[in-house]
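# Structural description and commentary
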Amino acid sequence: MMKPIVSQENNKVTRNRVKLQRVRTRQEKNLKKMALPLNILIAALSLIVLSPLGFCSKTYESGGYLFPQFYDHSCPKAQEIVQSIVAKAFAHDPRMPASLLRLHFHDCFVKGCDASILLDSSGTIISEKRSNPNRNSARGFELIEEIKHALEQECPETVSCADILALAARDSTVITGGPRWEVPLGRRDARGASLSGSNNDIPAPNNTFQTILTKFKRQGLDLVDLVSLSGSHTIGDSRCTSFRQRLYNQSGNGKPDLTLNQYYASVLRKQCPRSGGDQNLFALDLATQFKFDNQYFKNLIMYKGLLSSDEVLFTENRESKELVKLYAENEEAFFEQFGKSMVKMGNISPLTGGRGEIRRICRRVNHKSY
């Protein structure tokens, strides 16, 4: 007698969850072997807890709480407004969702999720927009200002720019076919930026696997978060300058990166020469460039990850390789973990309570003398 299809699917989901748990268990054992302080081990655990409010996230750094219903009374149309403007932007520019996801990521990895990335330079601020990871590549700032203007019209000085970034990242994922999750809200905006933090804390395209993992761990994120969040590269583009070394001089010996599919490399060389064309754009996922799916992980298995920082997930670590295979096989498992990891990333050192401010204009602080 054939087993019911539902039973088979349930068994598959159970197996996938067991695989994820095994990876995390190995990571925890490795941490203990390295004799890391207990507080770092705790920081690597998920900050997500269930409460009567639904997804309620305790932010240990600030002593406050983030929760999805934060604006239900003070600005009940907030999420609707963000979603509407993101949808309109996507219709005009299919690259925008990836740009908004990247803004949220680059914001949270520098001083926490506080909208510091949005600040322009001023007399007291050196903008993070000038950092190596952001210069000539970070985009979407005008759209964030458009969202902020609409929210100021609806409910003045209520919704933070940091929360706008978190909501826009979620809506960008959903509109391109990805998972939906509840976004914990209640962040406030920073009054300063960190150019050095942006240069040093954001993983670079040519970083080794261990360097990337170390940068994630500093933020309280673990290997599972690293692999699932890297899956956001299933949409978006990258510049020639971000992967040129793989084509011509990966290890400083004048030879290409042999972990890159050589036919794919020959195609890339046509538009990414040894010199010139630095700003030429290439799809991170050539197969389904504007669709949020699990194709990114299938590409890694075929050695067609565009960036070195992508391909090392499959070539340099056993646990991450297992996860790449899992997500390539099961899109549902990837989607489920991506939502969890996005919430976890959104919990990095937010300003709550009386800390920070609610900026009226996202690109500058509220100082009257600005």
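In this text, all values refer to a predicted model and were calculated from it rather than measured experimentally. Sequence order as written defines residue numbering, which begins from 1 separately in each chain. Per-residue local features of the predicted model are confined to residues with pLDDT of at least 70, and side-chain atom pairs are confined, for both listing and counting, to 80 or more; whole-chain, interface and lining totals are unaffected and use all residues. With hydrogens and water stripped out, all remaining heavy atoms of the structure feed into the side-chain values.

### Brief notes about the overall build of the chain
Numbering goes from the N terminus for both helices and strands, where a helix is a DSSP run of H or I of at least four residues and a strand is a run of E of at least two. Summing up its helical and strand segments, the chain has 15 helices and five strands in all. Only the protein chains shown count as cover for residues, with accessible areas throughout obtained via the Shrake-Rupley method and a probe of 1.4 Å. Surface accessibility of the chain: about 17300 Å² in total, with carbon and sulfur atoms responsible for 53%.

### A few points about the confidence of the model for the chain
Values of pLDDT, the confidence the predictor places in each residue, fall between 0 and 100. Looking at the chain, the pLDDT average stands at 88 and 82% of residues meet or exceed 70. Residue contacts follow a heavy-atom distance rule, with two residues in contact if any of their heavy atoms lie within 4.5 Å. A low-confidence stretch, residues 1-6 stays under pLDDT 50, and its non-local contacts, those more than four residues away or across chains, total one contact. Throughout residues 30-56 the model reports pLDDT below 50, and contacts reaching past four residues in sequence, or to other chains, amount to 39 contacts.

### A closer look at helix α8 (residues 209-218)
Working note: α-helix, 3.6 residues per turn, so residues spaced by three or four point in the same direction. Residue burial is assigned from relative accessible area. The probe radius is 1.4 Å, only protein chains are included, and a residue is buried under 20% of its type maximum, exposed over 50%, and partly exposed in between. Of the positions making up α8, those classed as buried are Phe 209, Ile 212, Leu 213, Lys 215 and Phe 216. Axial view of α8: buried residues confined to an arc of 160°, hence all on one face. Along its buried surface, α8 packs onto α4 (96-108), α7 (195-201), α9 (223-230), α13 (308-315) and α14 (318-329). Gly 220 sits one or two positions beyond α8 and adopts a positive phi of about 80°. Relevant arc is that of directions from the helix axis to the C-beta atoms, nothing else.

### Topic: the UniProt feature "binding site: substrate" (unreviewed entry) in the chain
UniProt positions are given in the numbering used here, feature names are shortened, and annotations may be inferred rather than shown by experiment. Per the UniProt annotation, the sites labelled "binding site: substrate" (unreviewed entry) are Pro 203. Counting through the fold element by element, Pro 203 comes out in the loop between α7 and α8. The buried category is assigned to Pro 203, whose relative accessible area is 19%. If sequence neighbours within four positions are ignored, Pro 203 has contacts with Phe 105, Phe 109, Ile 212, Lys 215 and Phe 216.

### Observations concerning the state of the cysteines
Two cysteines joined by a covalent bond between their sulfur atoms form a disulfide. Only a pair of cysteine sulfur atoms within 2.5 Å counts as a disulfide in this structure description. Counted under the stated rule, the structure contains four disulfides. The disulfide partner of Cys 161 is Cys 362, and the S-S distance across this bridge is 2.1 Å. Looking down the S-S bond of the Cys 161 and Cys 362 bridge, the torsion is -95°, so its handedness is left-handed. With Cys 161 in helix α6 (residues 161-175) and Cys 362 in the segment after α15 (331-346), this pair connects stretches of sequence that are 201 residues apart. The exposure classification of Cys 161 matches that of Cys 362, with both residues buried.

### Some thoughts on the packing of aromatic side chains
By convention here, two paired aromatic rings are described through the distance between centres and the angle between planes. Classification of ring pairs uses Phe, Tyr and Trp, with its six-membered ring standing for Trp, and accepts pairs whose centres are within 6.5 Å; under 30 degrees between planes counts as stacked, over 60 as edge-to-face, and the remaining range as tilted. One pass over the structure, following the stated rule, counts 17 aromatic pairs. The interplanar angle of 75° and the centroid separation of 5.9 Å between the aromatic rings of Trp 181 and Phe 338 together place this pair among those described as edge-to-face. Here Trp 181, found in the loop between α6 and α7, pairs with Phe 338, found in helix α15; they are 157 residues apart in sequence, far enough to count as distant. Residue Trp 181 is classed as buried on the basis of its relative accessible area, which comes to 8%. Residue Phe 338 is classed as buried on the basis of its relative accessible area, which comes to 0%. Aromatic side chains Tyr 296 and Phe 297 sit 5.0 Å apart centroid to centroid with 80° between the ring planes, which places their arrangement in the edge-to-face category. Phe 297 shares its class with Tyr 296; the two are buried.

### So, the environment of Asn 199
By secondary structure assignment, the location of Asn 199 is in helix α7. Residues Asn 199 and Val 110, 89 residues apart in the sequence, show an inter-C-alpha distance of 9.1 Å. Apart from the residues within four sequence positions on either side, Asn 199 is in contact with Ser 131, Asn 132 and Pro 133.

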